[in-house]
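Commentary on secondary and tertiary structure
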Amino acid sequence: MLKLAFVFPGQGAQFVGMSQTFYQKYAIARQTFEEANDTLGFDLAKLCFEGSLLDLNKLEYMFPALLVSSVVSFRVYMHDFGITPQFCAGHSLGEYSALVCAGAINFTDALKIVHKRGLISKEVAESGIGAMTIIDGIDKNIVEEECKKISLPNREVAVSCFNSPTQTAISGHFDAVRDAEDKIMQLGGQISPLLDSAPFHCSAMHSAAENLKEVLLGYSYNYIRYPVISNVTGVPYESSESIIDMLTNQLVKPVQWQTTLNYMQKKGVNLVIEMGPKNVLT
């Protein structure tokens, strides 16, 4: 028996040319981009297909671009195949895409929300207060322990994404993150700093999370058609009433991606389709 899950990528999946093939082939893809252009007030299609990577990597543009690309993938899939999933899950920004495709957030509302989330996060990134780095090749428990050793009040670093047993991300105050990188390299791990990124999914984003909550409170939310697994808990949302709190907490709590995958496996998921511009999660 087929048990299907859709997963939606976040930051890092963007590239110039994303979704262009779908745009050229499917009317539903063109309609989706046109809806986005009208909502945002700028030409997102041109940015995705012809823009510079420098512009596409700006958070206020990247976030809507990733959302649109994932929604395009989902709509094309439903047009061609129409087989509904047992679960949806998105990594970081991808959780918004999952909620849109599950019917919980209206597409145009989500565009406005993620654009604002990008602007809020950009302010934090430009302040220089924090940093974020991908860690590969070292056990997640070791990374977590080293972060605890390094952290001090107002100088914190923590695991911000539990992606797999040997891949994590760390976020926090700039100097603490750099100290953690040095220690992890000494222990044989590999580091990939995310340049110009905000320190997502940690306590350094507390003020940004409060600002985001004010944005989220300005919208209404719908019944969740397919169960969406939360980054914060690693289990499905109980109801749409929890969306505001979950998406607010997502900025300051680590992404429990490994827990999400374990949950899917326990529930018998045997096919996962990635809905996005790149197979980052795959």
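See the structure shown above.
Residues numbered from 1 in each chain as written. Predicted model: local features only at pLDDT ≥ 70, side-chain atom pairs only at ≥ 80, totals over all residues. Heavy atoms only, no water.

1. Remarks on the sheet that holds strand β2 (residues 87-90)
Taken in spatial order, the four strands make up an open sheet running β7-β2-β1-β8, and their pairing is parallel. Each of the sheet's edge strands pairs with one partner strand only, and the pair in question is β7 (228-229) and β8 (271-274). With two bridges joining them, β2 and β7 adopt parallel strand pairing. Within β7, the residue paired with A89 across the bridge is I229. Strands in contact with helix α6 (residues 94-101) are β1 (4-8), β2 and β7; relative to β2, the strand with the most contacts, it is inclined by about 150 degrees. (Pairing = 2+ DSSP bridges. Helix = DSSP H or I, 4+ residues; strand = E, 2+ residues; numbered from the N terminus. Contact = heavy atoms within 4.5 Å. Axes fitted to C-alpha atoms, helices over the stretch in contact; angles between N-to-C directions.)

2. What to know about the pattern of salt bridges
A side chain with one charge can pair with a side chain of the opposite charge if their charged atoms come near. Overall, the coordinates contain seven salt bridges when judged by the stated rule. Measuring nitrogen to oxygen at the nearest pair gives 3.4 Å for the salt bridge that ties K149 to E146. One end of the pair is K149 and the other is E146, both in helix α8 (residues 140-150) and three residues apart, which spans about a single turn. You can call E146 buried: its relative accessible area is 10%. The shortest N-O distance in the salt bridge between E181 and R178 comes to 2.7 Å. Here E181 pairs with R178, and both are found in helix α9 (residues 174-186), just three residues apart, close to one helical turn. Residue classification places R178 among the partly exposed positions, given a relative accessible area of 25%. (Salt bridge = Lys/Arg side-chain N within 4 Å of Asp/Glu carboxyl O. Buried < 20%, exposed > 50% of the residue type's maximum accessible area, 1.4 Å probe, protein only.)

3. Topic: the pairing of strand β5 (residues 167-173)
For β5, a buried count of six out of seven residues is recorded, marking the element as mostly surrounded by other parts of the structure. For strand β4 (residues 157-164) and β5, the ladder comprises six bridges, and the chain directions are antiparallel. Looking at β5, one finds that F162 is bridged to T168. Linking β4 back to β5 in an antiparallel pair, the connection comprises two residues.

4. Quick look at unusual backbone geometry
Of note in the backbone geometry, S19 takes a positive phi value of approximately 70 degrees without being a glycine. As for its placement among the helices and strands, S19 is situated in the loop between β1 and α1 (20-25). Within the chain, S92 stands out as a residue other than glycine whose phi angle is a positive 60 degrees. If you trace the backbone, S92 turns up in the loop between β2 and α6.

5. As for the packing of aromatic side chains
Scanning all chains against the criterion turns up 10 aromatic pairs. Both rings, one in Y23 and one in F33, keep their centres 5.7 Å apart while their planes meet at 80 degrees; by these two values the pair is edge-to-face. Taken as a pair, Y23 in helix α1 and F33 in helix α2 (residues 27-40) lie far apart in primary sequence, 10 residues in all. Pairing Y77 with F81 gives two aromatic rings, centres 5.5 Å apart and planes at 35 degrees, and the pair type is tilted. By relative accessible area, F81 is classed as exposed at 59%. Chaining the aromatic ring pairs together yields one cluster made of F6, F74, Y77 and F81. Here the basic side chain of R75 rests over the ring of F107, its NZ or CZ set 4.9 Å away from the ring centre. (Phe/Tyr/Trp six-rings, centres within 6.5 Å; stacked < 30°, edge-to-face > 60°. Lys NZ or Arg CZ within 6 Å of the ring centre and 35° of its normal.)

6. Some thoughts on the environment of H79
Turning to its location among the elements, H79 is positioned in helix α5 (residues 59-80). Between the C-alpha atom of H79 and that of Y26, which follows or precedes it by 53 residues, the distance is 9.4 Å.

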